[in-house]
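Chain by chain, the residues run as shown.
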Amino acid sequence: MAGHMRKPVFFLLVVAVCLANGISNGADKGITNTSASPSVTLRSVDIDAVQWTDGFWADRFEWCHKVVIPNMWRLLDDPQISGAFENFRVAAGMEQGRHRGPKWHDGDFYKWLEAAAFVYALTRDDELDRRMDQIIEVIGKAQREDGYIHTPVIIAQRRQPSEAGEFRNRLDFETYNMGHLMTCACTHYRATGKTSLLRIAEKAADFLYKTYKKSPRNLANNSICPSHYMGIVELYRTVGDARYLELAKGLIDARDLVEQGTDHNQDRIPFRQQDQAVGHAVRANYLYAGAADVYAETGDKSLLGALEKVWSDVAYRKMYVTGATGALYDGASPDGSEAHSAIQLVHQAYGRAYQLPNVTAYNESCASVGFVLWNWRMLAITGEARFADLLETALYNAVLATVSLDGIKFFYTNPLARVKGLPIELRWSRNREPYISCFCCPPNSVRTIAEASAYAYGISDRGVWITLYGSSVLDTHLGSGETIRLRQRTQYPWEGTIDITLENAPKREFSLFLRIPGWAETAHVTVNGNALADNPESGQYFEIRRSWSTGDQIELVLPMAVQLLEAHPLVEPARNQTAVRRGPLVYCLESTDLPDDVEVTNVAIPSGARFQSRFVRELLGGVAVLEGKAHVLAQRDWNKTLYRRVSAQEIQIREIRLIPYYAWGNRGESEMAVWIPLR
């Protein structure tokens, strides 16, 4: 341990109470420490309780460890590229200079540091540990004595004290940065056992608490992109300081006090009265995840009621088939209001119901991460597979697509189609880039991908819940304290057979809950080779309750049929088109896989098309492609033509190949489409 807790007596008392209540000491180091949360169904397992062993997710964890995290450190440490770490050195007085990068750059750095800490928990990489220690020492020196830490203001105060102050501009993102500091600090503490960063986070939380007690409205006015709701609750769970839960609850309530609130920041109307997702999608998803955390600790049903309504609005009216959210570059809200003066500009935003453009889809990468965080918390609260389904969809499609396969280039926005000659100027590159001036998304993506194992399993009083499938070992404790160890072997998501072996089973009755995805219409389960009487239902967790023995084997078979999807009729850009899905993966057509004389926009899929899956190891890092026949129309000249009479067209039958959406854009410039005309 690098030091001791600042509140050791209270902390030990909290631990003692948790143990007295039978809460597992094997689940108090989860990615969200819900071991003592009173209003959850599932509890997280420890961050080091799950190891990917081989296959899809093991490859991506190793990629994060060996490629993405080191490359991102190079970017963040280089003052000629990012300056993110240099900002802390300047704020600490170790160097002279000005602040570089956006106001939220501290938060970008904390996200990267969280990814490094999580990877350290599973690898015990000494070099990572030493680097984190060196970084944390600098962060501690940058923090003011009163706990305030936000390098743009601290640097400005060093240069001209009278011209800079805290919370003067709600777009300074002070609380956002501190929130990511708190989340990162909790992960670092759970990974290393060291309290060095945790102390810094506690001081920052103490500063926010004092600010809140002095002026709740001032702090509420500065709750832009409120990562600090999640951060403060996680800090409360970690150190047991009741003031932090008071602060988190108070900040939700204080949103009702915001002056000149906007839909863009989800504070135009009181949170508990909201029933639609509006405004900036990253801010929205962070808010919803934070409110879910507060519910988990308080049981405030008015919060859960609002969250359920907003979630339904997103899931059934505003989410892309990839799990991405935040359709609009720019829009207006409340759109179409009779009170025209009430309409406000929004950007990076949720739009109207069913407003889901493809070519100009915004879908900021951070919004996809926020959607994962929100669904993870809703799953923990309810134990309902609908939240796990969307978590998986977003993770495999929306989040993975944000980073190039070589791990060194990144998307800020994530369209569902790309065409040549688009006569529209878009703010962000349509290619992945080595560095983005707004660098919030890349470290958010890498921490989410690195932490995927934390979402794979959960525990409850009844047993173990398996949410994500991938070759792995789980070594944890049930609520009674008994050890359980199980192993998954599978080629998922390329194949649907999952073999589970109990390598150490408690000698009492308990349940295994297997998630049956909504797309798996006829799943099949056997135990020790014997079929079960009950048939699994898609979109549910399938409970197998019995007295287990070490060596017991469960086989789950999820059918991996290729499915042609259609969208709701009000999703105009997808009308009379189809998207193709196999298992959790959404597929796309990329021009790289077409002959030179065929463009993506000229391809249509027959309604009775049959695609065959084939794994190609040498393509795109190894992917299952879908191959089948399609209709190809002749290219037509639309120059100076907006409409024309329908005429007969020659149709050719050609073989086409579809690739997973997450892998598009890795073979040079290309056109791409997820939604393809259906003929």
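This is a predicted model, so every value here is computed, not measured.

Criteria and thresholds
- Residues numbered from 1 in each chain as written.
- Predicted model: local features only at pLDDT ≥ 70, side-chain atom pairs only at ≥ 80, totals over all residues.
- Heavy atoms only, no water.
- Helix = DSSP H or I, 4+ residues; strand = E, 2+ residues; numbered from the N terminus.
- Buried < 20%, exposed > 50% of the residue type's maximum accessible area, 1.4 Å probe, protein only.
- Contact = heavy atoms within 4.5 Å.
- Areas by Shrake-Rupley, 256 points an atom, 1.4 Å probe, with all protein chains shown as cover.
- Lys, Arg positive; Asp, Glu negative; His and termini not counted.
- Charge placed at Lys NZ, Arg CZ, Asp CG, Glu CD.
- Pairing = 2+ DSSP bridges.
- Axes fitted to C-alpha atoms, helices over the stretch in contact; angles between N-to-C directions.
- Phe/Tyr/Trp six-rings, centres within 6.5 Å; stacked < 30°, edge-to-face > 60°.
- Lys NZ or Arg CZ within 6 Å of the ring centre and 35° of its normal.
- Core = buried A, V, L, I, M, F, W, Y, C linked by side-chain atoms within 4.5 Å.
- Salt bridge = Lys/Arg side-chain N within 4 Å of Asp/Glu carboxyl O.
- pLDDT = per-residue confidence, 0-100.
- Expected span 1.5 Å × (residues − 1).

**Q** Can you help me understand the overall build of the protein in this one?
**A** In terms of regular secondary structure, the protein is built from 16 helices and 25 strands. Principal axes of the C-alpha set define a box for the protein whose edges measure 80 × 65 × 50 Å. The burial tally for the protein puts 61% of its 679 residues in the buried class. When contacts within the protein are restricted to residue pairs at least 6 apart in sequence, long-range pairs at least 24 apart make up 71% of them. Surface accessibility of the protein: about 26100 Å² in total, with carbon and sulfur atoms responsible for 48%. For the protein, the distance from the average position of its 74 positive side-chain charges to the average position of its 79 negative side-chain charges is 2 Å.

**Q** Would you explain the sheet that holds strand E12 (residues 509-516) in this entry?
**A** Working definition: the strands of a sheet are paired by backbone hydrogen bonds and lie parallel or antiparallel to each other. In spatial order, the strands read E1-E7-E8-E12-E15; together these five strands make up an open sheet with mixed pairing. A single partner strand is all that each edge strand has here, and the edge strands are strand E1 (43-44) and strand E15 (540-547). Relative to E15, E12 runs antiparallel, the two sharing eight bridges. Bridge assignment links Leu514 to a residue of E15, and that residue is Phe542. Against the sheet, helix H15 (residues 385-399) engages E12 and E15, with an angle of about 50° to E12.

**Q** Whenever I open this one, the environment of Pro434 confuses me. Can you help?
**A** Looking at the secondary structure, you find Pro434 in the loop between strand E6 (417-418) and helix H16 (441-450). Classification of Pro434 by relative accessible area gives partly exposed; the value is 45%. Expressed as a C-alpha distance, the spacing of Pro434 and Gly407, which sit 27 residues apart in the sequence, is 9.3 Å.

**Q** Is there a simple way to explain the packing of aromatic side chains in this structure?
**A** Throughout the structure, instances matching the rule amount to 36 aromatic pairs. Note on Phe56 and Trp57: the rings are 5.2 Å apart at their centroids and 80° apart in plane angle, and the pair reads as edge-to-face. Trp57 matches Phe56 in its accessibility class, with the two residues each being buried. Positioned above the aromatic ring of Trp548, the side-chain terminus of Arg546 is 5.0 Å from the ring centre.

**Q** What's the story with the nonpolar core in this structure? I'm lost.
**A** Soluble, globular proteins show a tendency: their nonpolar side chains are buried together. Core analysis: the biggest nonpolar cluster contains 233 residues, and Phe109, Trp112, Trp374, Val464 and Leu558 have the highest contact counts within it. Excluding its chain neighbours within four sequence positions, the residues that come into contact with Trp374 are Asn285, Tyr288, Ala289, Leu307, Val310, Trp311 and Val314.

**Q** Honestly, the pattern of salt bridges in this entry has me stumped. Any pointers?
**A** Pairs can form between side chains of opposite charge whenever their charged atoms are close. As enumerated under the stated definition, the model contains 47 salt bridges in all. Of the charged contacts in the structure, one is a salt bridge between Glu114 and Arg447, with a shortest N-O distance of 3.0 Å. Here Glu114, found in helix H4 (residues 105-123), pairs with Arg447, found in helix H16; they are 333 residues apart in sequence, far enough to count as distant. As a salt-bridge pair, Asp133 and Lys194 come within 2.8 Å of each other at their nearest N and O atoms. Taken together, the positions of Asp133 in helix H5 (residues 126-142) and Lys194 in the loop between helix H7 (174-192) and helix H8 (196-214) put the pair 61 residues apart, joining distant regions of the chain. Bridged by salt links that share partners, the residues Arg190, Glu234, Arg237, Asp293, Glu297 and Arg377 form one connected network.

**Q** I tried to follow the confidence of the model for the protein on my own but got confused; where do I start?
**A** Regions with low pLDDT should not have their predicted coordinates read in detail. This prediction gives the protein a mean pLDDT of 93; 96% of its residues lie at or above 70. Every residue in residues 1-26 scores below 50 in pLDDT, and together they form 51 contacts with partners more than four places removed in sequence or on other chains.

**Q** Is there a simple way to think about helix H12 (residues 281-298) in this case?
**A** What sets the pattern is the α-helix's 3.6 residues per turn: residues three or four places apart point alike. Taking 1.5 Å of rise per residue, 18 residues should cover 26 Å, and H12 covers 25 Å from first to last C-alpha, within 8% of that figure. Backbone geometry just after H12 places Gly299 at a positive phi near 70°.

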